[in-house]
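Okay, here's what each chain looks like letter by letter:
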Amino acid sequence: MSAVATLGQALTGWKGYAAVALAAATLASCAAWTAQGWRKGVQIAELQRDLQQARADRNATVLDAIKIDINAIAGAAARAAADAGALPAQVGEMTKALKNAKPLLVGCRPDDVRVRSLTDAVRAARGAAAGQPPGRAMPANTGPTAKP
């Protein structure tokens, strides 16, 4: 007897139906497994795309903030460069005023003019360091209560 005939006799009746059902279930489960893999692959790809889009949006926001900061720094540098020419003249005037002041006697305290000159020098140096334009912080008091 041939192997096919022997197999045919073994698969007659309920055994044949069971074998066919087993083969069909195996094929169906393989097809379902493959379809699930494809579906999950698509979901993973969509999640990765969404994550990359969120990162790109965040990077664009950070880049815009950096551009704004760079423009602010460039503007401050331009203002500082414009004001830099006036600083040596002001420092020269203050240095000249301090050199021309009468020397103090031992144990004497500086008068109001010297204190004001030193205060103005410190204020100008701090303003220059902070990037403020040169000049007085407050206008001179020229009202009726002004002291000469």
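Residues numbered from 1 in each chain as written. Predicted model: local features only at pLDDT ≥ 70, side-chain atom pairs only at ≥ 80, totals over all residues. Heavy atoms only, no water.

A. Spotlight on the overall build of the protein chain. A count of helical and extended segments in the protein chain gives 4 helices and 0 strands. What you see in the protein chain, going N to C, is helices and strands ordered as α-α-α-α. The burial tally for the protein chain puts 4% of its 148 residues in the buried class. When the accessible surface of the protein chain is split by element, carbon and sulfur atoms take 66% of a total near 12500 Å². (Helix = DSSP H or I, 4+ residues; strand = E, 2+ residues; numbered from the N terminus. Buried < 20%, exposed > 50% of the residue type's maximum accessible area, 1.4 Å probe, protein only. Areas by Shrake-Rupley, 256 points an atom, 1.4 Å probe, with all protein chains shown as cover.)

B. Spotlight on the environment of E93. Within the secondary structure, E93 sits in helix α3 (residues 86–100). The spacing of E93 and A121 is 28 residues in sequence and 9.7 Å in space, taken between C-alpha atoms.

C. Representation of the environment of A97. Of note, A97 is situated in helix α3. Residue A97 is classed as partly exposed on the basis of its relative accessible area of 40%. Spatially, the C-alpha atom of A97 lies 8.6 Å from that of R114, the residues being 17 residues apart in sequence.

D. Main features of the confidence of the model for the protein chain. Taken over all residues, the pLDDT of the protein chain has a mean of 79, while the share at 70 or more is 80%. Of all helices and strands in the protein chain, the one with the weakest mean pLDDT is helix α1 (residues 3–10) (62), whereas helix α2 (residues 14–84) scores best (89). (pLDDT = per-residue confidence, 0-100.)

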